[in-house]
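Summary of structural features
The primary structure of each chain is shown beneath.
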Amino acid sequence: VKLPPWLPDNDVVRNDVLDYYCEVERFDREVGEMLALLEQKGLSQNTLVVITGDNGWPFPRAKAYLYDRGVHVPLAVRWPGKVPGGRVVDDFISLADLAPTFLQAAGLPSPADMSARSFFNVLVSDKQGRVDPGRDRVVVGLEKHGPLFPMRSLRTQEHSYIRYYAPGPYACTDSGPALEFLKQHADDQEYKGMAELCFGEHPAEELYDLAKDPNELHNVSNDPAYAEVRSRMAADL
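Our subject in this report is the structure included herewith. (Residues numbered from 1 in each chain as written. Predicted model: local features only at pLDDT ≥ 70, side-chain atom pairs only at ≥ 80, totals over all residues. Heavy atoms only, no water.)

1. Re the overall build of the protein chain
A count of helical and extended segments in the protein chain gives seven helices and six strands. Put simply, the protein chain runs from its N terminus to its C terminus through helices and strands in the order α-β-α-β-α-α-β-β-β-α-α-β-α. Seen along its three principal axes, the alpha-carbon backbone of the protein chain occupies a region of about 60 × 45 × 30 Å. Expressed as a percentage of contacts within the protein chain between residues at least 6 apart in sequence, the contacts between residues at least 24 apart total 59%. Of the accessible surface of the protein chain, which amounts to about 13,500 Å², a share of 53% is contributed by carbon and sulfur atoms. Positive and negative charge centroids in the protein chain, built from 25 and 36 side chains respectively, lie 5 Å apart. (Helix = DSSP H or I, 4+ residues; strand = E, 2+ residues; numbered from the N terminus. Contact = heavy atoms within 4.5 Å. Areas by Shrake-Rupley, 256 points an atom, 1.4 Å probe, with all protein chains shown as cover. Lys, Arg positive; Asp, Glu negative; His and termini not counted. Charge placed at Lys NZ, Arg CZ, Asp CG, Glu CD.)

2. Thoughts on the packing of aromatic side chains
Under the definition given, this model contains eight aromatic pairs. When the centroid spacing of 5.1 Å and the interplanar angle of 80 degrees are considered together, the rings of F181 and Y191 count as edge-to-face. Placement of the pair is F181 in helix α5 (residues 177–184) and Y191 in the loop between α5 and α6 (192–199), with a sequence separation of 10 residues. An aromatic cluster of three or more residues is present, and its members are Y20, Y21, W57 and F59. A cation over an aromatic ring shows up here: R61 above the ring of W6, its NZ or CZ 5.6 Å from the ring centre. It is R61 that lies over the ring of Y67; its NZ or CZ is 3.9 Å from the centre. (Phe/Tyr/Trp six-rings, centres within 6.5 Å; stacked < 30°, edge-to-face > 60°. Lys NZ or Arg CZ within 6 Å of the ring centre and 35° of its normal.)

3. Looking at the nonpolar core
Counting residues in hydrophobic clusters, the biggest one holds 27 residues, and the most contacted among them are Y67, Y164 and L182. Excluding anything up to four places from it in sequence, Y67 contacts R61, I162, Y164, Y170, E206, Y208 and E216. The next biggest cluster of nonpolar side chains, apart from the first, holds eight residues, and it includes F119, F120, V122 and L123. (Core = buried A, V, L, I, M, F, W, Y, C linked by side-chain atoms within 4.5 Å. Buried < 20%, exposed > 50% of the residue type's maximum accessible area, 1.4 Å probe, protein only.)

4. Some remarks on the pairing of strand β4 (residues 151–156)
In terms of burial, β4 is a largely internal element, five of the six residues being buried. For strand β3 (residues 137–142) and β4, the ladder comprises six bridges, and the chain directions are antiparallel. Within the sheet, the bridge partner assigned to R137 lies in β4 and is T156. Strand direction decides the pairing type here: β4 and strand β5 (residues 159–164), joined by five bridges, are antiparallel. Bridging from a neighbouring strand, M151 pairs with Y164 of β5. (Pairing = 2+ DSSP bridges.)

5. Structural notes on unusual backbone geometry
A positive phi angle, near 75 degrees, is found at A64, a position not held by glycine. Relative to the helices and strands, A64 resides in the loop between β1 (49–52) and α2 (68–71). Positive phi outside glycine occurs at E216, with the angle close to 55 degrees. Relative to the helices and strands, E216 resides in the loop between β6 (205–209) and α7 (227–236).

6. Quick word on the side chain of D132
Residue position: D132 is located in the loop between α4 (120–124) and β3. It is R135 that comes nearest to the buried, bridge-free D132 among opposite-charge side chains, at 4.2 Å. A polar side-chain atom of D132 sits 3.3 Å from a polar atom in the side chain of N121. (Salt bridge = Lys/Arg side-chain N within 4 Å of Asp/Glu carboxyl O. Polar contact = N/O pair within 3.5 Å; in protein donor to acceptor, adjacent residues only side chain to side chain.)

7. Here we look at the environment of F59
Here F59 lies in the loop between β1 and α2. Distance in space between the C-alpha atoms of F59 and S175 is 8.3 Å, their sequence separation being 116 residues. Ignoring anything within four residues of it in the chain, the contact list for F59 reads L7, D16, V17, Y20, T173 and A178.

8. A look at the packing of α5 against α6
Axis separation between α5 and α6 bottoms out at 9 Å; the angle between their running directions is 115 degrees. The element α5 and its partner α6 pack so that their crossing is left-handed. Two secondary-structure elements touch here, α5 through L179, L182 and K183 and α6 through M194, A195, C198 and F199. Split by residue class, the contact of α5 with α6 holds six nonpolar, no polar and one charged. (Axes fitted to C-alpha atoms, helices over the stretch in contact; angles between N-to-C directions. Left-handed = near helix turned anticlockwise from the far one by under 90°. Nonpolar A, V, L, I, M, F, W, Y, C, P; charged D, E, K, R; others polar.)

This is how it looks when you write it as structure tokens:
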């Protein structure tokens, strides 16, 4: 098990993550059974299948946070009669974009007040990597989740900018062995820094240089070297 640097590397946390991976394996197996059923019924060529999730994995600093581990979810699309397969696409997609995509796939127009954008052009392309140059960013947000506060994020290929709109500690997540271990050992010298990353007070803004810091651990929003990036992303958000 490869753990992120903000989770303790011990048997409690490793087994918690392994339990989650077992759930993922079961999901994969059952999806395979459904796809096989479509094949048996002769429906696979003209059935658009989309597999995704509603949030990141259910561990501290992931679910209910706006870091990549909380908002970057799987997205797999299969439509053998229309969509060239065997590709990995890096375009930014919001799950809201599914609605206009389904409408376009069915030959129907999107309502005029629908702000989400169809990515049908990406699906039917035979390209991989970055397909649509206009899909260079995504905005995500969390309004209310238990005791949580409003927050928004603008994510580009190079940077992640997060804005918090109320003071308080970091977000919560589902209860589980990893969460409980960190809470119980939050004052231990070995785990104090990890607990601070997961539960500590947050600044009004966070900015991460993803090339240098893919785990989003070092907030550079107050670094003069990133002042122009921070100002631009704040304005864009």
